[in-house]
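Structural overview
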Amino acid sequence: MSTAIVVCFRWGTELGSAEHGSSGQGLKAAVRAAQQAEALGALLCAFASGELAVAFASADHDEAVHFAARAIRHASGELAGGVGCGELSPLFEAGRFVSLSWGEALECAAKLAARARGGEVLLDGELEGAKDGSVSAKHVGEAIELGGRKRAVLSLDVAHPFVRESMTLYEDTFTSSSEADELQRHPTGSMHMADIAREALVRGDTQSLDFALRQLKLTGENPDLAARLAGVLALTRGAKEEGLRILRRAVEQEERDDRRARALLAYAVGLAAAARNEDALLAALQALAVTRAHADKSGENACARFLAQLTRAAGHEEPARVWEEAASRLSRPPPP
């Protein structure tokens, strides 16, 4: 028995409404979601009339929530979803993607999906993101009871599933002052697209970020900026490995050292978001070395601020304080 996160979907007449009675469309949406789950490394753990559930590893909580939100958005009201966590025991396996199972994670997800309306995802209050406030969700209705213990129920904002308070870390990884000057000289509005992208990241607005990225690709301008945005967009949607591959490739393909430092810092932030803190530390220190070699105070400041947050998140208060002091010194205006 191990811990897992289960995403359960219901469709058709199981939603209890004639408005969503098309079981064929709901089944197609559920099968499509299951195929996407397989690509993310999840396992089909339950299937019944009007219901399907997939299991993610317990460490992939963000990926599971992103997956649930994306599947519900694309289903146009034909699916209802529930996301639960807890123990899960395999009963038998039938292929590399199918591992029929039972346990509190599945029971919780199924209860939540049974309560959800079409187009809605209900979350288990015991999910890590629900407890730390990183998911964009509000408490609704009565708690559910599982194993004699009550669990809070939250309704997920499927359009913007995460509160991106830490997204300001990304702002300084996009453009240095020299890049901003170059963008302002372009008549096709790529500077405006960069502004849209930064604002979208702070809000966790993946739709606006996607729009900005598509516009940059259409113009063909600032390919390095577009590459970094593509990686961050993949990460915000829960595709961690894809996002990291894009960000790493952006580092490898960048020939200009000043821009390479920005690409390295973006990669470091992505690694931290994927809980690869040691790799994130190494990438950030490499970025810092490049900024110092080029006397890039703005970039050095961004690296120091990120290193402060990274070390504090790892529980190292003294190094975090040193990095914060370094960032503070770098942000001060030069003496007259």
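See the structure shown above.
Residues numbered from 1 in each chain as written. Predicted model: local features only at pLDDT ≥ 70, side-chain atom pairs only at ≥ 80, totals over all residues. Heavy atoms only, no water.

Val7, Phe9 and Val54 are the most contacted members of the largest nonpolar core, which has 36 residues in total. Of all the secondary structure elements, the ones that give two or more residues to this core are strand 1 (2–11), helix 1 (23–39), strand 3 (51–57), helix 2 (61–74), strand 4 (79–93), strand 6 (121–124) and strand 10 (153–156). No other element matches the seven residues that helix 2 contributes to this core. Counting 29 residues, the second largest nonpolar core, distinct from the first, contains Ala261, Leu265, Leu271 and Ala287. (Core = buried A, V, L, I, M, F, W, Y, C linked by side-chain atoms within 4.5 Å. Buried < 20%, exposed > 50% of the residue type's maximum accessible area, 1.4 Å probe, protein only. Helix = DSSP H or I, 4+ residues; strand = E, 2+ residues; numbered from the N terminus.)

Moving on, we get to a nonpolar patch on the surface. Among the surface-exposed residues, Leu27, Val31 and Phe47 lie close enough to one another that they form a single nonpolar patch of about 260 Å² accessible area. Inspection of the secondary structure assignment puts Leu27 in helix 1. When its relative accessible area of 35% is taken as the criterion, Leu27 is described as partly exposed. (Patch = residues over 30% accessible without salt bridge, like charges linked within 9 Å, V, L, I, M, F, W, Y side chains within 5 Å. Areas by Shrake-Rupley, 256 points an atom, 1.4 Å probe, with all protein chains shown as cover. Salt bridge = Lys/Arg side-chain N within 4 Å of Asp/Glu carboxyl O.)

If you trace the backbone, Ala34 turns up in helix 1. Counting along the chain gives 18 residues from Ala34 to Leu52, while the straight-line C-alpha distance between them is 8.2 Å. Beyond its immediate sequence surroundings of up to four residues, Ala34 is in contact with Leu52 and Phe97. (Contact = heavy atoms within 4.5 Å.)

Moving on, we get to helix 13 (residues 297–313). Its 17 residues place the ends of helix 13 24 Å apart at the C-alpha level, agreeing with the 24 Å of an ideal helix rising 1.5 Å per residue. Listed as buried for helix 13 are Gly299, Glu300, Asn301, Ala302, Cys303, Ala304, Phe306, Leu307, Ala308, Leu310 and Thr311. Where helix 13 begins, one side-chain oxygen reaches toward the backbone nitrogen of Gly299, 3.0 Å away; that side chain belongs to Asp296. Two residues or fewer after helix 13 comes Gly315, characterised by a positive phi angle close to 90 degrees. (Expected span 1.5 Å × (residues − 1). Polar contact = N/O pair within 3.5 Å; in protein donor to acceptor, adjacent residues only side chain to side chain.)

For the rest of this paragraph, the subject is the pattern of salt bridges. For the structure shown, the criterion picks out 13 salt bridges. For Glu107, the salt bridge goes to Lys111, with nearest N and O atoms at 3.9 Å. With Glu107 and Lys111 both in helix 3 (residues 104–115), this residue pair falls four residues apart, about one helical turn. Among the residues examined, Lys111 registers a relative accessible area of 34% and is labelled partly exposed. Glu145 is the partner of Lys150 in a salt bridge, and the nearest nitrogen-oxygen pair spans 3.8 Å. Classification of Glu145 as partly exposed rests on a relative accessible area of 45%. Among the ionic contacts, a cluster of salt bridges with common partners joins Glu104, Asp124 and Arg151.

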